[in-house]
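Secondary and tertiary structure notes
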Amino acid sequence: KPNEKYEVFVSISIEERYRKKQYGTEALREMISWVFANTEAYYMMAEIQAGNLPAHGLLTNLGFVSCGETGHDTVRYELERPVVKYMVLYYLFGMSCGSCLGIANDNIALGMLLGLVFGALIGIALDKNDKKKRDEIKALRKEKEVEKNEVETSAENLIVVGFSQLGAESDWRVANTDSIRNTF
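Residues numbered from 1 in each chain as written. Predicted model: local features only at pLDDT ≥ 70, side-chain atom pairs only at ≥ 80, totals over all residues. Heavy atoms only, no water.

1. Topic: a nonpolar patch on the surface
- Where nonpolar side chains cluster on the molecular surface, the patch consists of L101, L110, L113, L114, V117, F118 and L121 and spans about 650 Å² of accessible area.
- Counting residues per element, the nonpolar patch draws most heavily on helix α4 (residues 108–154), at six residues.
- Along the chain, the position of L121 falls in helix α4.
- Take L121: its relative accessible area is 53%, and that puts it in the exposed class. (Patch = residues over 30% accessible without salt bridge, like charges linked within 9 Å, V, L, I, M, F, W, Y side chains within 5 Å. Areas by Shrake-Rupley, 256 points an atom, 1.4 Å probe, with all protein chains shown as cover. Salt bridge = Lys/Arg side-chain N within 4 Å of Asp/Glu carboxyl O. Helix = DSSP H or I, 4+ residues; strand = E, 2+ residues; numbered from the N terminus. Buried < 20%, exposed > 50% of the residue type's maximum accessible area, 1.4 Å probe, protein only.)

The structure is reproduced here in structure tokens:
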């Protein structure tokens, strides 16, 4: 389940003896397909060590884009859900239905025309709805990033100890600077 910014974090680790055999590529490709087909996620996120060149190549080859360093010697990557062009699909579906309607009424040209028009209208409406949803999610992500930056820069005597992705929710652990110094 994605977090409040419609993101899902992924991680992959391949035992050394199985590396360079495309298992990571195959596994991540299937994970991408499954996540975007079965969840409401619009972004897949991954963080990798800055020096892990094979992982950088793997993510880049699968379409992930670098978002920059996180400040913890890691680089964050993101992959946006592919855009589906509904208009083309419904255009063809409408033409098929219209052809059947036209054959049944002995006027195939009129049936096809009506099918094309209704299919195109439905497809355009769905495409417009998808674009609106993507724009809302991008605005939400930008807003959350600003909030996070404001919290991090305004918090006095606090540092972030660690971040972990647990199921659907991000778990930020923040501690008093003095308590951390005493721990070490």
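After that view of the structure, there is still more to cover.
2. Points about the nonpolar core
- Formed by 18 residues in total, the largest nonpolar core has its most connected members in L28, I32, M44, L59 and F64.
- Of all elements in the fold, only α1 (23–38), β2 (43–49), α2 (53–61) and β4 (74–80) reach the threshold of two or more residues within this core.
- In terms of residue count, the dominant contributor to this core is α1 (four residues).
- Setting aside chain neighbours within four positions, we find M44 in contact with V8, V10, M31, I32, V35, F36, F64, Y77, E78 and L79.
- Counting residues in hydrophobic clusters, the runner-up holds five residues, among them F9, Y42, Y43 and M45. (Core = buried A, V, L, I, M, F, W, Y, C linked by side-chain atoms within 4.5 Å. Contact = heavy atoms within 4.5 Å.)

3. Things to note about unusual backbone geometry
- Although it is not a glycine, Y6 adopts a positive phi angle of roughly 60 degrees.
- Among the structural elements, Y6 can be located in the segment before β1 (7–9).
- The phi dihedral of D106 is positive, around 55 degrees, even though this residue is not glycine.
- Mapped onto the elements of the fold, D106 is located in the loop between α3 (86–104) and α4.

4. Quick look at the pattern of salt bridges
- Scanning the entire structure with this criterion turns up nine salt bridges.
- As a salt-bridge pair, D135 and K131 come within 3.1 Å of each other at their nearest N and O atoms. Of the two residues, D135 and K131 both sit in helix α4, four residues apart, roughly one turn of that helix.
- Since its relative accessible area comes to 38%, D135 is described here as partly exposed.
- For K131, a relative accessible area of 51% puts it in the exposed group.
- Among the ionic contacts, a cluster of salt bridges with common partners joins K5, E7, E78 and R141.

5. Brief notes about the side chain of D130
- The residue D130 is located in helix α4 in this model.
- Sequence-distant contacts of D130, defined by excluding residues within four places in its chain, comprise Y42, V83 and Y86.

This is a description of form; function is not addressed.
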